Amino acid sequence: MHLPPHLWPATTTSGPDGLTIGGVRLSDLAEEFGTPAFVLDEDDFRARCRAWRDAFAGHDVFYAAKAFLCHQVAVWLREEGLGIDVCSAGELRTAQRAGVPGASLVLHGNNKSPAELADAVDYGVSLVVVDSDDEITRLSDIAARRGRRQPVLVRVTPGVEAHTHAHITTGTDDQKFGFSLASGSAHRAVSRIVDAPGLELVGLHSHLGSQITRPDVFMTAVDRLVALMADTARTHGVLLRRLDLGGGLGIAYLPEDEPLDVRDLAPVVVERVHKACADAGIPMPRLAVEPGRAIAGPTTVTLYTVGTIKRQRGLRTWVSVDGGLSDNPRPALYGAGYTAALAARTTTRGADQTVTVCGRHCESGDIVVDSARLPADLAVGDLLAVPASGAYHRSMANNYNAQPRPPVVAVRDGAARLVVRGETLDDVLRLDVP
């Protein structure tokens, strides 16, 4: 069985008994933990953390928790020297429980509550990314009442098109995040923060979107952000020492996808910032980046069991699995494409066929893989593995149709362990008030 290496976790191998990840057969995992299940390659996750850390040596890497976060992942990030970008009380609490210090955290969000802002100030979160005029007032008051000056970054929308899906584009002017550069609201936000008693303006932030595959969009953003930094120095006498370029680097979901490699991108970005600052006559800031998908995405597969096969002559063959929309809403939300492979056997009869792998939910949009090439002798009870499942799967999982959310099983050196327990029906119903 051919497995495109850029799609599958780094330790994936194929043998007579099917696929193995981290030295553990997926068939054994299905027997022990059931399906659906997320299988996470710990060595691959850690290696990707180190690749980003080394590529941006001398700068900061904050893992975007929204991609996927649990207690154990937060521990791995701390051990590998990465910070964490959190955007809710739950993500902040997860990082706290894992022993991640406030100095290693950045807080995002376009509508942070007063309680979340207070928690961040009290815990000593290193940077709060300010996203609105209301938040400037709110955070300044909270910090001032505590006798603090909270370091902040201004989130700037630099008017850069990321050339990705509209629902995951965040660098253009007409959307909910940040302060527009073109409209002048970013300049006005800088002025307000400089005068705010509870805030210390230390830099700028920009996030252009997700699943970015073109390096030029980062370069355009750098030029515009550095120009604002230079204007801030001239107008207010404030030298901004931090520049956060966000994340959004794409990964491969299909064999034909060719994502950017951080080892190629990082030196080009750093050099562009250095040159832009030199041309503007301001010091080079300390950079930060916020990868989430690029670290977590390729490290995980979703394991499913085939439940029914419906062959519609002249139309298509539907292969229904025991998960779907509740563990991966991305195809329904963005039309995201995936591939799949047999997980528990390699011996097949007949040529491959094109089928549609669909979920079990009462939605016609509940598609897992629209066009999967799978063996003609695919049968009920076969195990399927869907790669590139580590980002925005478990974190966006839901209980539609009262479906329990799957477990996350980490594998390494031939051993498997739960890092997130799968839900039971009692868990799903525990909030019901009889």
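Remember, predicted model here, so these are calculated numbers, not experimental data. (Residues numbered from 1 in each chain as written. Predicted model: local features only at pLDDT ≥ 70, side-chain atom pairs only at ≥ 80, totals over all residues. Heavy atoms only, no water.)

Remarks on the packing of helix H6 (residues 133-145) against helix H7 (residues 185-195)
Between H6 and H7, the least distance of the axes is 11 Å, while the angle of their chain directions is 10 degrees. Classified by the angle their axes make, H6 and H7 are roughly parallel. Of the residues in H7, those touching H6 at Asp133, Ile136 and Thr137 are Ala189, Arg192 and Ile193. Of the residues that constitute the contact of H6 with H7, the class distribution is three nonpolar, one polar and two charged. (Axes fitted to C-alpha atoms, helices over the stretch in contact; angles between N-to-C directions. Helix = DSSP H or I, 4+ residues; strand = E, 2+ residues; numbered from the N terminus. Parallel < 35°, antiparallel > 145°, perpendicular 65-115°, else oblique. Contact = heavy atoms within 4.5 Å. Nonpolar A, V, L, I, M, F, W, Y, C, P; charged D, E, K, R; others polar.)

Here we look at the pattern of salt bridges
Under the definition given, this model contains 27 salt bridges. Put simply, Asp261 and Arg263 hold a salt bridge, and the shortest N to O gap is 2.8 Å. Residue classification places Arg263 among the exposed residues on the basis of a relative accessible area of 58%. Connected through shared salt-bridge partners, Glu42, Asp43, Arg46, Arg50, Arg53, Asp54, Glu79, Glu80, Arg412 and Arg417 make up one network. (Salt bridge = Lys/Arg side-chain N within 4 Å of Asp/Glu carboxyl O. Buried < 20%, exposed > 50% of the residue type's maximum accessible area, 1.4 Å probe, protein only.)

Section: the pairing of strand S11 (residues 199-205)
Counting buried positions over the seven residues of S11 gives six, a clear majority of the element. Direction of pairing for strand S9 (residues 150-157) relative to S11: parallel, over a ladder of six bridges. Residue Val154 lies in a different strand from S11, and its bridge partner there is Leu204. Direction of pairing for S11 relative to strand S12 (residues 242-244): parallel, over a ladder of three bridges. By the bridge assignment for S12, His205 is matched with Asp244. You can see the chain leave S11, run along helix H8 (residues 216-236) and come back into S12, and the turn it takes is right-handed. (Pairing = 2+ DSSP bridges. Right-handed = clockwise from strand over helix to strand, strands pointing away.)

Remarks on the nonpolar core
Membership of the largest hydrophobic core comes to 107 residues, with the highest contact counts inside it found for Phe45, Tyr63, Val73 and Ile84. Among the elements that take part in this core, H8 stands out by supplying eleven residues, more than any other. Leaving out residues up to four positions away in the same chain, Tyr63 has contacts with Phe45, Phe68, Val73, Leu77, Leu82, Gly83, Ile84, Asp85, Pro291, Gly292, Ile295 and Ala296. Counting 19 residues, the second largest nonpolar core, distinct from the first, contains Leu3, Ala252, Ala343 and Val409. (Core = buried A, V, L, I, M, F, W, Y, C linked by side-chain atoms within 4.5 Å.)

A look at the packing of helix H4 (residues 89-97) against helix H5 (residues 114-123)
Relative to each other, H4 and H5 sit at 25 degrees, their axes nearing to 10 Å. Here H4 is positioned roughly parallel relative to H5, judged by the angle of their axes. Judged by the twist between their axes, the crossing of H4 over H5 is left-handed. Contacts between H4 and H5 involve Ala89, Leu92 and Gln96 from the first element and Glu116, Asp119, Ala120 and Tyr123 from the second. A per-class count over the contact of H4 with H5 returns four nonpolar, one polar and two charged. (Left-handed = near helix turned anticlockwise from the far one by under 90°.)

Focus: unusual backbone geometry
Cis geometry is adopted by the peptide bond preceding Pro36, which originates at Thr35 and carries an omega value of -5 degrees. Turning to its location among the elements, Pro36 is positioned in the loop between helix H1 (26-33) and strand S4 (37-41). Positive phi values are uncommon outside glycine, yet Ala388 reaches one of about 60 degrees. With respect to the helices, strands and loops of the structure, Ala388 is situated in the loop between strand S19 (383-386) and strand S20 (408-412). Its relative accessible area of 1% is what places Ala388 among the buried residues. Here Ala402, not a glycine, exhibits a phi torsion of approximately 55 degrees, which is positive. Counting through the fold element by element, Ala402 comes out in the loop between S19 and S20.

Thoughts on the sheet that holds strand S3 (residues 24-25)
Strand order in the open sheet made by the three strands is S1-S2-S3, with antiparallel pairing throughout. Two strands lie at the open edges of the sheet, namely strand S1 (13-15) and S3, each paired on one side alone. In this sheet, strand S2 (residues 18-21) lies alongside S1 in antiparallel orientation, the contact comprising three bridges. In the strand pairing of S2, Ser14 is matched with Leu19.

Thoughts on the side chain of Asp366
Looking at the element boundaries, Asp366 is found in the loop between strand S17 (352-358) and strand S18 (367-375). There is a polar contact of 3.2 Å between the side chain of Asp366 and the backbone nitrogen of Arg360. Not counting chain neighbours up to four residues away, the residues in contact with Asp366 comprise Gly323, Gly324, Leu325, Cys358, Gly359, Arg360 and His361. (Polar contact = N/O pair within 3.5 Å; in protein donor to acceptor, adjacent residues only side chain to side chain.)

Some words on the confidence of the model for the protein
Of the residues in the protein, 96% have a pLDDT of 70 or more, and the chain-wide mean is 94. Within the model, the stretch residues 162-171 combines pLDDT values under 50 with 35 contacts to residues more than four positions away or in other chains. (pLDDT = per-residue confidence, 0-100.)

Some details on the environment of Trp8
One can find Trp8 in the segment before S1. A C-alpha to C-alpha distance of 44 Å links Trp8 and Asp134, two positions 126 residues apart in sequence. Discounting residues that sit within four places of it in the chain, Trp8 has contacts with Leu3, Leu19, Pro298, Val301, Ala341, Ala385 and Pro387.

Topic: the side chain of Thr300
Among the secondary structure elements, Thr300 is positioned in strand S14 (residues 300-311). By relative accessible area, Thr300 is classed as buried at 5%. A distance of 3.2 Å separates the side chain of Thr300 from the side chain of Thr299, its partner in a polar contact. Apart from residues no more than four positions distant in its own chain, Thr300 is found in contact with Pro9, Phe38, Val39, Leu40, Val386, Pro387, Ala388, Ser389 and Gly390.

Thoughts on the packing of aromatic side chains
Applying the stated rule across the entire model yields four aromatic pairs. Both rings, one in Phe45 and one in Tyr63, keep their centres 5.8 Å apart while their planes meet at 65 degrees; by these two values the pair is edge-to-face. Of this pair, Phe45 sits in helix H2 (residues 42-55) while Tyr63 sits in strand S5 (residues 60-64), and the two are 18 residues apart along the sequence. Under the relative-accessibility criterion, Phe45 is labelled buried at 0%. Three or more aromatic residues joined by ring pairs make a cluster, and in this case those are Phe45, Tyr63 and Trp76. (Phe/Tyr/Trp six-rings, centres within 6.5 Å; stacked < 30°, edge-to-face > 60°.)

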